[in-house]
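Per-entry structural report
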Amino acid sequence: MTASFPQSPTAADPIRYRADLEQPEPDEAETIQGLTDALHKVSATVYEDSGHAERSVHAKSHALLRGVLQVDAGLPATLAQGIFKTPGSFEVVMRFSTNPGDILNDKVSTPRGLAVKVLGVEGDRLPGSEEDTSQDFVMQNAKAFTVPTPKAFLKNLKMLAGTTDKAPGMKQALSAVLRGLEKGIEAVGGESGTIKSLGGHPLTNLLGETYTTVVPLRYGDYVAKIAVVPVSPGLVALKDAPVDLDDKPDGLREAMQTFFATQSAEWEIQVQLCTNLETMPIEDASKEWPEDESPFVRVATLRVDPQPAWTDARHARVDDGMAFGPWKGVVEHQPLGGVMRARKSTYKHSMDFRSQANGCPMHRLEKTADLPD
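Residues numbered from 1 in each chain as written. Predicted model: local features only at pLDDT ≥ 70, side-chain atom pairs only at ≥ 80, totals over all residues. Heavy atoms only, no water.

As annotated in an unreviewed UniProt entry, the protein is Catalase from Pigmentiphaga litoralis. Taken from UniProt, the Function (unreviewed entry) comment for the protein reads in full: "Decomposes hydrogen peroxide into water and oxygen; serves to protect cells from the toxic effects of hydrogen peroxide." (UniProt positions renumbered as here; feature names shortened; annotations may be inferred.)

If you look at the biggest cluster of nonpolar residues, it comprises 49 residues, and the most contacted ones within it are Phe84, Met94, Phe96, Phe260 and Trp267. If near-sequence neighbours (up to four positions away) are discounted, Phe84 is found in contact with Leu69, Val71, Leu75, Leu79, Phe137, Tyr219, Ile226, Ile269, Val299, Ala300 and His333. The next biggest cluster of nonpolar side chains, apart from the first, holds 10 residues, and it includes Leu119, Val318, Phe324 and Leu365. (Core = buried A, V, L, I, M, F, W, Y, C linked by side-chain atoms within 4.5 Å. Buried < 20%, exposed > 50% of the residue type's maximum accessible area, 1.4 Å probe, protein only. Contact = heavy atoms within 4.5 Å.)

Running from amino to carboxyl end, helix α1 (residues 28-50) crosses helix α8 (residues 338-358) at an angle of 35°, the nearest separation of the two axes being 9 Å. Like other packed secondary-structure pairs, α1 and α8 cross with a definite hand, here right-handed. Of the residues in α8, those touching α1 at Glu28, Ile32, Leu35, Thr36, Leu39, His40, Ser43, Ala44 and Tyr47 are Gly338, Arg341, Ala342, Ser345, Thr346, His349, Ser350, Phe353 and Ala357. When the residues that make up the contact of α1 with α8 are grouped by side-chain class, the tally is 8 nonpolar, 8 polar and 2 charged. (Axes fitted to C-alpha atoms, helices over the stretch in contact; angles between N-to-C directions. Helix = DSSP H or I, 4+ residues; strand = E, 2+ residues; numbered from the N terminus. Left-handed = near helix turned anticlockwise from the far one by under 90°. Nonpolar A, V, L, I, M, F, W, Y, C, P; charged D, E, K, R; others polar.)

Our next topic: α1. Given a rise of 1.5 Å per residue, 23 residues ought to cover 33 Å, and the 33 Å separating the end C-alpha atoms of α1 matches this to within 8%. Restricting attention to buried positions, one finds in α1 the residues Glu28, Thr31, Ile32, Gly34, Leu35, Thr36, Ala38, Leu39, Val42, Ser43, Thr45 and Val46. Positive backbone phi, approximately 80°, marks Gly51, located one or two places after α1. (Expected span 1.5 Å × (residues − 1).)

The next thing to look at is unusual backbone geometry. Phi is positive for Val214, which is not a glycine, with a value near 70°. Checked against the element boundaries, Val214 lands in the loop between β5 (211-212) and β6 (217-219). Classification of Val214 as buried rests on a relative accessible area of 1%.

For the rest of this paragraph, the subject is the packing of aromatic side chains. The tally for this structure, following the rule as stated, stands at 7 aromatic pairs. On the basis of an interplanar angle of 75° and a centroid distance of 4.9 Å, the ring pair of Phe259 and Phe260 is categorised as edge-to-face. Here Phe260 falls in the buried class, since its relative accessible area comes to 0%. Aromatic rings pair up to connect Phe84, Phe137 and Tyr219 into one cluster. The ring centre of Phe324 lies 4.9 Å from the NZ or CZ of Lys117, which sits over that ring. (Phe/Tyr/Trp six-rings, centres within 6.5 Å; stacked < 30°, edge-to-face > 60°. Lys NZ or Arg CZ within 6 Å of the ring centre and 35° of its normal.)

Here is the structure:
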């Protein structure tokens, strides 16, 4: 993921968005209800155990940051789309997290997540997002989803939901075993998203990772995946960098605090346009789109200056009082494909459950100055 503007974004013309690019399965509504039920089980179990409702996925945050997104000037027409249509800046909130729906010791090492909320966005809103003024991008440190369809996701999720709040010490031991397996696979040039999702992710710093939307979304007139790629020297130096988690159950958060106490950070926002529906499918979320056919190309930068990376006050404001989701945005960035469609009602159900259980309605953030230190 190194291509940057002004290089030509693709060797072929990008596919234009049209509604029939999506092909839902006949029983998709039933599958989505199953996903909602499984995710609710996670949230309800955590609430019963702790008295506090968390997100059903990515419950534990490690950094809650304010930043600025700067859209590049002079983008070609195929890239000047959606919120990237016009050069200018937006304030953003960034939430770094890890995958489980319960709050675990960081030695249970799972995939990393990044949610970016772009504030003050104008345009026609997605259904259910009419009262919002943000554009949210929900990302993982992967280039494709672990499974192809909502039905396959439901099968995996049912298994994971049954392990919520079970034997945290055993989870740490299993995670260590799985990390060893993943290390062996990567030593011969492979990678297992499934092993990583079960606890086999390397114990590395979240700031060295590249994050992508994993699955596609509308990009104005076209279709794309979007990535957040570290480019400042301090971030690049942290690629695959280990984090000391001995006797540090929140060691990932501590590493974030240490970094942003003195350093700034800069990422590129890059776009990979869909140019071939055979090799870059909409409905198979597990397919990595080949970069030799369509490289990721820069459209904006994202900068964060030194600040408190995580505080109790920010935790209350962002983790308890805000929601992130791919369906919180404008029509020009409509989520696409089965996994994205499944996220619409499941995310809303999780948000509603948290709000009701905690007695804390979700709040809209108008400007990052309102984010407490």
